[in-house]
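Each chain is listed here by its residues.
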Amino acid sequence: MKLNRTTQRTVEILKLVSKNPEGITLDDICGHLSLPKTSAYDIVTTLVNMGMIHVTKGQKQIYTIGLTAYRIGINYTNNLDFLGIIEPELKAFSKEVGKTVFFGVRSDHEVVYICKFEPENPIITTATVGTKNPMYCTSLGKAILAYTQEEARQQILGRIKFRKKTERTVTSVEELEKELNRVRERGFALDAREMEEHMECVGAPVFGSDGSILGAISVSSLYKPTEDYEALGQIVHKKAEEVSKLLGFLGKI
C-alpha cells in the first residue's frame, strides 16, 4: 500500500507540536523532522487555518496544538470514559453547592472550558463550553498554571499579554507569580472579580494518573460580600482531590 507523503508529514508535525506544550518554531519542526522549510510552512499554515495548530506571533512564530485538535482528542478520551468519570461528579457537585461548575484545560496561555454544569436556578455566565479566557485572571487558569512544570510555566508567562479586565485584574508577571505561590500554599485559586466585576470564582487543580496537571475545576457565582470564599475554596479543593483520585492520581494536592 502506497502512503501519501504529505499526509504522513502532516501527522508527524501534529505529533511533534503536541509533545511541545510550551510551543515550537518552524525551524525546530524542520530540524526535528528533516523537512524542507517550504513544505513544512505550507502544511503548518494549513493546520493553523483549520484550527489544528495555534500560532503565537512574535519575533519568531510559536506553534502549539490547536483547539480543533484538542476537541478531536477529547472525542477519543470520551471513548476511554475520561469525561464519563468527571461529568457525573461535577453535575452532582453543581447541585450540591448551588453554583455553576466548570472543568477547563490549558490551551497555550489560555484556558478552554470543556464542561459546564449549572444548578436549577443558574446565573448567566459569559463562559460557554469551547470558549477560551486568559489564564492570568481566571481561577481555572491560575489553578492550572500554579501546578504546571516550572520550565513550561515560565515560557507561558513570557507569552501572556496582560490586559486590565477590571480594577482588580493582575497586570504583571510579578503579581501573577505571587498569586501562584498563594495558590500552591492553599490548594485553590481565586478570581476575585478580576475577569468580570460582578463574578467571583474559585478553582482547584485536577491531576491525571501520571501525576501531571490535567485541568481544573471551578465554581462561579455572583459576588456576595457575605460569602466565605476561603471556605468555598476548601470545598472545591476537596472535590478536585476526589476527581483526581477517580482518574488514578495517587498523590496529594
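This text goes with the structure placed above it.
Reading the values: the criteria
Residues numbered from 1 in each chain as written. Predicted model: local features only at pLDDT ≥ 70, side-chain atom pairs only at ≥ 80, totals over all residues. Heavy atoms only, no water. Buried < 20%, exposed > 50% of the residue type's maximum accessible area, 1.4 Å probe, protein only. Helix = DSSP H or I, 4+ residues; strand = E, 2+ residues; numbered from the N terminus. Pairing = 2+ DSSP bridges. Disulfide = S-S within 2.5 Å. Arc of directions from axis to C-beta. Contact = heavy atoms within 4.5 Å. Core = buried A, V, L, I, M, F, W, Y, C linked by side-chain atoms within 4.5 Å. Phe/Tyr/Trp six-rings, centres within 6.5 Å; stacked < 30°, edge-to-face > 60°. Polar contact = N/O pair within 3.5 Å; in protein donor to acceptor, adjacent residues only side chain to side chain. Salt bridge = Lys/Arg side-chain N within 4 Å of Asp/Glu carboxyl O.

## Comments concerning the pairing of strand β7 (residues 199-207)
- Of all nine residues that make up β7, nine are buried, and the element is covered over most of its length.
- Linking strand β6 (residues 189-192) to β7, which pair antiparallel, is a turn of six residues; within it R193 sits at a positive phi near 60°.
- Of the strand pairs in this sheet, β7 and strand β8 (residues 213-222) are connected by nine bridges, and their pairing is antiparallel. Each residue of the ladder has a partner; that of C201, found in β8, is S220.

## Overview of the state of the cysteines
- Under the definition given, this model contains zero disulfides.
- No disulfide involves C115; its sulfur sits 16 Å from that of C201, the nearest cysteine.
- Summary of cysteine pairing: C201 is not part of a disulfide, and the nearest cysteine sulfur, belonging to C137, is at 10 Å.

## Some words on helix α7 (residues 150-159)
- Along α7, the residues that are buried comprise A152, R153, I156, L157 and R159. Buried residues of α7 fall within an arc of 160° about the axis and therefore sit on the same side. Facing away from the buried surface of α7 by more than 90 degrees, the exposed residues are E151 and G158.
- Against β1 (53-56), β2 (62-65), β3 (100-107), α6 (139-146) and α8 (173-186) lie the buried residues of α7.

## As for the nonpolar core
- Judged by nonpolar contacts, the single largest core of 27 residues is most densely connected at L90, F103, I217 and V236.
- Listed by contribution, the elements that provide at least two residues to this core are α5 (82-97), β3, β4 (110-117), β7, β8 and α9 (229-246).
- When residues of this core are assigned to their parent elements, the largest contribution, six residues, is made by α5.
- Here L90 is in contact with V101, F103, F117, I217 and V243, once residues within four sequence places are set aside.
- F102, Y136, V170 and L180 belong to the second largest nonpolar core, which has 22 residues in total.

## What about the packing of aromatic side chains?
- Applying the stated criterion to the full structure yields five aromatic pairs.
- A centroid spacing of 5.0 Å and a plane angle of 65° characterise the contact between F102 and Y113, whose relative ring orientation is edge-to-face. Placement of F102 in strand β3 and of Y113 in strand β4 is noted, with a sequence separation of 11 residues between them.
- Ring pairing ties together the aromatic residues Y147, F207 and F249, which thus form one cluster.

## Let's talk about unusual backbone geometry
- The backbone of S34 shows a phi angle near 55°, a positive value even though the residue is not glycine.
- With respect to the helices and strands, S34 occurs in the loop between α2 (26-33) and α3 (37-49).
- Accessibility expressed as a relative area gives 63% for S34, which makes it exposed.
- For R193, which is not glycine, the phi torsion reads 60° and is therefore positive.
- Among the secondary structure elements, R193 is positioned in the loop between β6 and β7.

## Examining the side chain of T169
- One can find T169 in the loop between α7 and α8.
- Among the polar contacts made by the side chain of T169, one reaches the main-chain amide nitrogen of K165 at a distance of 3.0 Å.
- Not counting the four nearest positions on each side in its chain, T169 is found in contact with Y136, C137, R163, K164 and E194.

## Things to note about the pattern of salt bridges
- Throughout the structure, instances matching the rule amount to 15 salt bridges.
- A salt bridge links E150 to R153, with the nearest nitrogen and oxygen atoms 2.3 Å apart. A residue pair is termed a helical-turn pair when its members lie 3 or 4 positions apart in one helix, as E150 and R153 do in helix α7 at three residues.
- Exposure remark for E150: the relative accessible area of 45% places this residue in the partly exposed category.
- On the basis of relative accessibility, which here comes to 9%, the residue R153 falls in the buried class.
- Residue E230 is joined to R186 by a salt bridge in which the shortest nitrogen-to-oxygen separation is 3.9 Å. Here the residue E230 occupies a position in helix α9, and R186 occupies one in helix α8, the gap between them amounting to 44 residues.
- For E230, a relative accessible area of 41% gives the class partly exposed.

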